[in-house]
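This is what each chain is made of:
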Amino acid sequence: MRGRNGAFLRSLYLLAALCVVAIVNGEDPYRFFTWNVTYGDIYPMGVRQQGILINGQFPGPEIYSVTNDNLIINVFNNLPEPFLISWNGVQQRRNSYEDGVYGTTCPIPPGQNYTYKLQVKDQIGSFYYFPSLGFQKAAGGFGAIKILSRPRIPVPFPDPADDYSILIGDWYKTNHTRLEKIMDLGWRLPFPDGVLINGRGDGGASYTVEQGKTYRLRISNVGLQNTLNFRIGGHTMTLVEVEGTHTVQTALSSLDVHVGQSYSVLVTTDQPPQDYYIAVSSRFASQNINTTAVLRYANSQKAVSGTPPPPPDTDITWSLNQARSIRTNLTASGPRPNPQGSYHYGQINITRTIKIVGSASIIDRKQRYNVNGVSFVEADTPLKLADSLNISGVFKVGSIPDEPTDKAPYLDTSVMGADFRAFVEIVFENRENIIQSWHLSGYSFFVVGMDGGRWSDNSRNSYNLVDAVSRSTVQVYPKSWTAIYLGLDNVGMWNIRNEFWVRRYLGEQFYLRVYSPVMSPRDEYPLPPNALRCGRAVGKRS
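Only a predicted model underlies this, so the values are computations on that prediction, with no experimental measurement involved.

Regarding unusual backbone geometry
Right, on to step 1. Of the consecutive residues F58 and P59, the connecting peptide bond is found in the cis state with omega at -10 degrees.
Right, on to step 2. Here P59 is to be found in the loop between β2 (49–54) and β3 (63–66).
Right, on to step 3. In this structure, R421 takes a positive phi of about 75 degrees despite not being glycine.
Right, on to step 4. Here R421 is to be found in the loop between β25 (414–419) and β26 (423–430).
Right, on to step 5. The phi dihedral of K479 is positive, around 50 degrees, even though this residue is not glycine.
Right, on to step 6. Take K479: its relative accessible area is 43%, and that puts it in the partly exposed class.

So, in structure tokens, the structure goes:
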């Protein structure tokens, strides 16, 4: 216990020193969190399971913050295995080491702690955190992140009466370690057992509202593979924000939320005072799984009854049209005083086109997944750590091509190189019969187009070059393509992954190394002094 207490005291001294520096230098505010990560019994679907708890909570505590806040999160790992937390959609400006994935950061060993130092620089919006190692995401350990605008920056809608974070996702009753063993043997996982709403799949979650008021719901799909449709009986939702971008306000009867995505909607409680179903169900899958919660009027005179509202048509066209209708509100202010629409992304010359095709493959008689024919395998040392400490032989830049080749799929620690300040086009092409969902850490990108079939140069004629939404996770429909524009203004090592966690676990990911030859803290922060050392980095100093 002496080592544990010593680490805790050192963390307290560090936090106190940061407070003093913040006061003296007039820095942006600091928010401090201490998290204790443990296993504990949870009952999300009415049966006892071993879940990952943070401070005894499942889901974990919400992170509440304001634009430019510094978040100091001291994580104590009391699991009998290594642990890492990643921050889905929160951009670590100039600081990919804090992204919390194994490609950038050493895991926190059992019985030890690590203090994340994040700044939500120039960001607003709805995001979430989750365990990124192995299949720990299937055990919990996730929670909501809420970044509010600074008071002097106007928001394009009145303050809501309340602001709820709603985490939805598919769920297995099977322990996550068992699921890992199934995949390691090269077998396919069964279909998930159900759907959770804020950790409950038994219909027991509820939200109390007052008649005649407007509420903000921040909806994130923290699940493992299924697109989920969200709807509220008798009520219309108004879309107002997508992963940090204020959107054109659009009325919705239901909303498709793909894996890894986050949305904000406003709901006005203008119906008779009673209880109403909140319904969540899977979409475009071989099986249907669903659950409900309750929107409860404070003066309710009738309990929820009957059947939940049905989902929309299963035709992909409905969902595709909804996705295309989501556009940036060009009249709204962002985190900075300048309007978001002042950045004319459609007038910037593209310097490079990258085509990403993810697909299934059998390698060494086991089920694997790959990107452009390369199935990612973890190195013995985090890639960013090796890069910072000049450790050779851990990875090779250019070990994944810019587009698919005719080579047979193979295993490698795939890293794609990219130049700082380049402006690139990335085309995600889905040649399979399932929806895919892709995430890029460290960035938001403009979703300029999506359509069926194969992408070609002529596909650019359909691009939205004026008010495309900016986000960090995007879906690609079956036998379809999605194109994004990306300004590479964030130096570091960044994970590009399929958010279907089985596919990511089995190789459908790679890293984008955004490089600047000028070693300046204006472009990239140095390796944190508290950085953990593992693999070939043990004993090495920066």
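Points about the sheet that holds strand β19 (residues 290–297)
Right, on to step 1. With mixed pairing, the 5 strands of this open sheet are ordered in space as β11-β19-β18-β13-β16. Each of the sheet's edge strands pairs with one partner strand only, and the pair in question is β11 (206–209) and β16 (255–257). For this sheet the average axis-to-axis angle between neighbouring strands, irrespective of direction, equals 25 degrees.
Right, on to step 2. Across 4 bridges, the pairing between β11 and β19 is parallel. Of the residues in β19, the one forming a bridge with V209 is Y297.
Right, on to step 3. Of the strands in this sheet, β13 (227–232), β16 and β18 (275–283) touch helix α3 (residues 316–325), which is tilted by about 90 degrees from β16.

Some thoughts on the packing of aromatic side chains
The description of an aromatic ring pair uses the distance of the two centres, along with the angle that the planes make with each other.
Right, on to step 1. According to the stated counting rule, one finds 21 aromatic pairs in the structure shown.
Right, on to step 2. Centroid distance W87 to Y116: 5.1 Å. Interplanar angle 80 degrees. Geometry classified as edge-to-face. Here Y116 lies in strand β6 (residues 113–119) and W87 lies in strand β5 (residues 85–88), a separation of 29 residues in the sequence. Y116 carries the same exposure label as W87, and that label is buried.
Right, on to step 3. Pairwise contacts between aromatic rings join W35, W87, Y114, Y116 and Y129 into one cluster.
Right, on to step 4. Stacked on the ring of F130, the Lys or Arg K137 has its end atom at 5.0 Å from the ring centre.
Right, on to step 5. Its end group placed over the ring of W501, K137 keeps NZ or CZ at 4.7 Å from the ring centre.

A look at the sheet that holds strand β7 (residues 125–131)
Right, on to step 1. The 4 strands lie next to each other as β3-β8-β7-β5, forming an open sheet whose pairing is mixed. Strands at the two margins of the open sheet, each flanked by one partner only, are β3 and β5. The sheet shows a mean angle of 20 degrees between the axes of neighbouring strands, taken without regard to direction.
Right, on to step 2. As paired elements, β3 and strand β8 (residues 143–148) share 4 bridges and run parallel to each other. Residue Y64 lies in a different strand from β8, and its bridge partner there is K146.

Overview of the pairing of strand β31 (residues 480–487)
Right, on to step 1. When you tally the buried positions in β31, you get 7 out of 8 residues, the bulk of the element.
Right, on to step 2. In this sheet, β31 lies alongside β26 in antiparallel orientation, the contact comprising 8 bridges. Considered in β31, the bridge of F428 is made with T482.
Right, on to step 3. Sheet topology places strand β28 (residues 445–452) next to β31; 6 bridges connect them, and they run antiparallel. By the bridge assignment for β31, M450 is matched with T482.

Observations concerning the pairing of β26
Put simply, side chains in a regular strand alternate between the two faces of the sheet.
Right, on to step 1. With respect to burial, β26 is a largely interior element, 8 of its 8 residues being buried.
Right, on to step 2. Two strands pair when backbone bridges link them, and strand β20 (residues 352–363) and β26 are joined in this way by 6 bridges, in the parallel orientation. Of the residues in β26, the one forming a bridge with I354 is I426.

Quick notes on the rules
- Residues numbered from 1 in each chain as written.
- Predicted model: local features only at pLDDT ≥ 70, side-chain atom pairs only at ≥ 80, totals over all residues.
- Heavy atoms only, no water.
- Helix = DSSP H or I, 4+ residues; strand = E, 2+ residues; numbered from the N terminus.
- Buried < 20%, exposed > 50% of the residue type's maximum accessible area, 1.4 Å probe, protein only.
- Pairing = 2+ DSSP bridges.
- Axes fitted to C-alpha atoms, helices over the stretch in contact; angles between N-to-C directions.
- Contact = heavy atoms within 4.5 Å.
- Phe/Tyr/Trp six-rings, centres within 6.5 Å; stacked < 30°, edge-to-face > 60°.
- Lys NZ or Arg CZ within 6 Å of the ring centre and 35° of its normal.

Any functional reading would require information that these geometric values do not contain.
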